[in-house]
Amino acid sequence: MRSDLLADLLQHTWEHLLLVGLSVTVSILAGIPAGIACARHATLRRWLLGFASVMQTIPSLALFGFLIPVPWIGGIGTRTVVVALVLYALLPILRNTVVGLDGIDPAVRESAVAMGMTDSQMLRQVLLPLAAPTILAGIRLATVATIGTATIAAAIGGGGLGVFIFRGVGTVDSAQILAGAIPAAILALVADGGLAWIERRLSPL
Amino acid sequence: MATAIQFRDVSYSIGGRDILSHLDFSIERGETLVLLGRSGSGKSTALKLVNGMLRPTSGEVQVDGRSTRQWDPIQLKRRIGYVIQHIGLFPHLSVRRNIAVVPELEGWPAGRIAERVAELLESVGLPEAEFAQRYPRQLSGGQQQRVGVARALAVDPPILLFDEPFGALDPITRVDLQNQFLALRHRMEKTSLFVTHDIREALRVGTRIALLHEGRLDTIELASEFPQASTLAARQFLACLE
């Protein structure tokens, strides 16, 4: 019985980590390039930041519900969950990328241009290293929030630590709820601490 | 003397506002031409037309006999060192790495870069052992601008642009850096275009002075003859000396 519970716990924690890892990775891969593009084009910025902000305002359970009937990305299970979590995680990453790039001293940009750097040299050697701490803060925010939100995945068959919570709520069993909530909280704390450490290491100033 | 930079009937306007109108003058190889003018006279804009950061609305700027429109924009900028008032050192790089940026972009071997950095730091009065590993935030304003000058000189460009480089420094540091500038000029054959609103600085560092007034060339004179200039704008500047 005990070892059953432990195996169960490990399996759902692993599922949870996969959901979060996959969602945050996709958000980073989409959010940083989108943020770079937004920092250059005012119109694009308005639209993309607006879109990401609207996504944030939709309650998570409702967003899962909306996505289920959508062809290709919808349905019951992991795929829908990842899409929803990506939509949530996008805003902090996108916005912090834009803010990080906007915050760079204009004199630094001017000298980079005057040195004859190409756009990509400037991005790689100057802009991204200087914006990195802000971008990383966004990734940290997104990760911690996603660890919490991912518990709702169980509602549409996405697995993860939410399975214990929903089971506990259904059977009015506090122990079950805690079996999901405590590991999720620990994951969030560990992720927060770890990413904060990397942020400090990367900080140029 | 050969002409290094030539403005040919250059005008620049933005948003319907004329910043520069019909500038016509040239800068000879090896001289330091000071662009003197009040805030808003268009002198910084004139500098940016030289290294291609801005394009003239009409007319053309020639560098080494070729219009800036015909130059490859990257090649043009690499031939021209640029020093600005706000310095713009890269805060995430050490002094050494800041100076090494353009040599690295040009693909110099590491050994040659290291030698060059040491030599440049020496020539701007910052001993390598003490300063190379520091970050810009660990330097005073004057020291930062010395690094800014060293960085602009890194690949030994024949032309240098200075945009009020010493404007934000205290008067003693400013004179110190002006002297350093003069000493460097003696040692290296460079063509310099130097923007300032300070008539004293103009007289100290310039071989010739071009006075810009409301986007037009008001007076252009040898520095030694500038005090005799008779236009209203020139006399206003000269009155600051009394």
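Since this is a predicted model, take the numbers as computed values, not measurements.

A few words on helix H6 (residues 141–152) of chain B. Helix length check: H6 of chain B (12 residues) gives 16 Å between terminal C-alpha atoms against 16 Å at 1.5 Å per residue, within 8%. For H6 of chain B, a buried count of 9 out of 12 residues is recorded, marking the element as mostly surrounded by other parts of the structure. When H6 of chain B is considered as a whole, its buried residues turn out to be Gly 142, Gln 145, Arg 146, Val 147, Gly 148, Val 149, Ala 150, Arg 151 and Ala 152 of chain B. Buried-residue contacts for H6 of chain B involve helix H5 (106–114) of chain A together with strand S6 (80–84), helix H3 (95–105), helix H4 (110–123), strand S7 (159–163) and helix H7 (171–187) of chain B.

Another point: the sheet that holds strand S10 (residues 216–222) of chain B. Residue and element names in this part refer to chain B. Strands sit in the order S6-S7-S8-S3-S9-S10 across an open sheet of 6 strands; the sheet is mixed. This sheet does not close on itself; its edge strands, each paired only once, are S6 and S10. Going from strand to strand, the sheet's axes swing by 15° on average, the running direction of each strand aside. Relative to strand S8 (residues 191–196), S7 runs parallel, the two being bridged by 5 bridges. Following the sheet pairing, Leu 160 is matched in S8 by Ser 192.

A grouping of Leu 178, Ile 182, Ile 186 and Val 190 of chain A is seen on the molecular surface, where their side chains present a nonpolar patch of about 370 Å² in accessible area. Within the secondary structure layout, Leu 178 of chain A lies in helix H8 (residues 174–202).

Let's shift gears to the nonpolar core. Met 117 and Val 126 of chain A together with Leu 36, Phe 90, Ile 99 and Phe 226 of chain B are the most contacted members of the largest nonpolar core, which totals 99 residues. Of the domains in this structure, domain 1 (1–23 + 30–79 + 159–242) and domain 2 (89–157) of chain B are the two that each give at least three residues to this core.

Once that is clear, we can look at the layout of surface pockets. Residue and element names in this part refer to chain A. Roughly 190 Å³ of internal volume is contained in the largest pocket. Contributing elements (two or more residues each) for the lining of the largest pocket: helix H1 (2–40), helix H4 (78–102), H5 and helix H6 (119–149). Looking at the lining of the largest pocket element by element, the count peaks at 4 residues for H6.

If you look at the interface, chain B gives 21 residues, while chain A gives 18 residues. Between chain B and chain A the total buried area reaches about 1700 Å² when both faces are included, carbon and sulfur atoms providing 71% of it. Of all residues in chain B, the largest losses of buried area upon contact with chain A belong to Phe 90, His 92 and Leu 105 of chain B, amounting jointly to 32% of the total for that side. For the interface between chain B and chain A, the tally reads 1 salt bridge. Those elements that provide at least two residues to the side of chain B that touches chain A are helix H2 (73–78), S6 and H3 of chain B. The class makeup of the residues in the side of chain B that touches chain A is 12 nonpolar, 4 polar and 5 charged.

Residue and element names in this part refer to chain B. The domain boundaries assigned to chain B delineate domain 1 (1–23 + 30–79 + 159–242) and domain 2 (89–157). Just the C-alpha atoms count here: the centres of domain 1 and domain 2 sit 25 Å apart. On the domain 2 side, the residues contacting the 16 residues of domain 1 number 16 residues. Across the interface of domain 1 and domain 2, roughly 1300 Å² is buried in total on both sides, 59% from carbon and sulfur atoms. On the domain 1 side of the contact with domain 2, Arg 78, Gln 180 and Lys 190 bury the most area, a combined 37% of that side's loss. Between Glu 106 and Arg 78 there is a salt bridge, and its shortest N-O distance comes to 2.7 Å.

Rules of the game
Residues numbered from 1 in each chain as written. Chains lettered and ligands numbered in written order. Predicted model: local features only at pLDDT ≥ 70, side-chain atom pairs only at ≥ 80, totals over all residues. Heavy atoms only, no water. Helix = DSSP H or I, 4+ residues; strand = E, 2+ residues; numbered from the N terminus. Expected span 1.5 Å × (residues − 1). Buried < 20%, exposed > 50% of the residue type's maximum accessible area, 1.4 Å probe, protein only. Contact = heavy atoms within 4.5 Å. Pairing = 2+ DSSP bridges. Axes fitted to C-alpha atoms, helices over the stretch in contact; angles between N-to-C directions. Patch = residues over 30% accessible without salt bridge, like charges linked within 9 Å, V, L, I, M, F, W, Y side chains within 5 Å. Areas by Shrake-Rupley, 256 points an atom, 1.4 Å probe, with all protein chains shown as cover. Salt bridge = Lys/Arg side-chain N within 4 Å of Asp/Glu carboxyl O. Core = buried A, V, L, I, M, F, W, Y, C linked by side-chain atoms within 4.5 Å. Domains from an automatic or database assignment. 1 Å grid on protein atoms, 1.4 Å probe; cavity = no way out; pocket = protein on both sides within 12 Å on 5 of 7 lines; lining within 4 Å. Points joined across faces, edges and corners; volume = space filled by probe spheres on them. Buried area = accessible area lost by both parts, 1.4 Å probe. Nonpolar A, V, L, I, M, F, W, Y, C, P; charged D, E, K, R; others polar.

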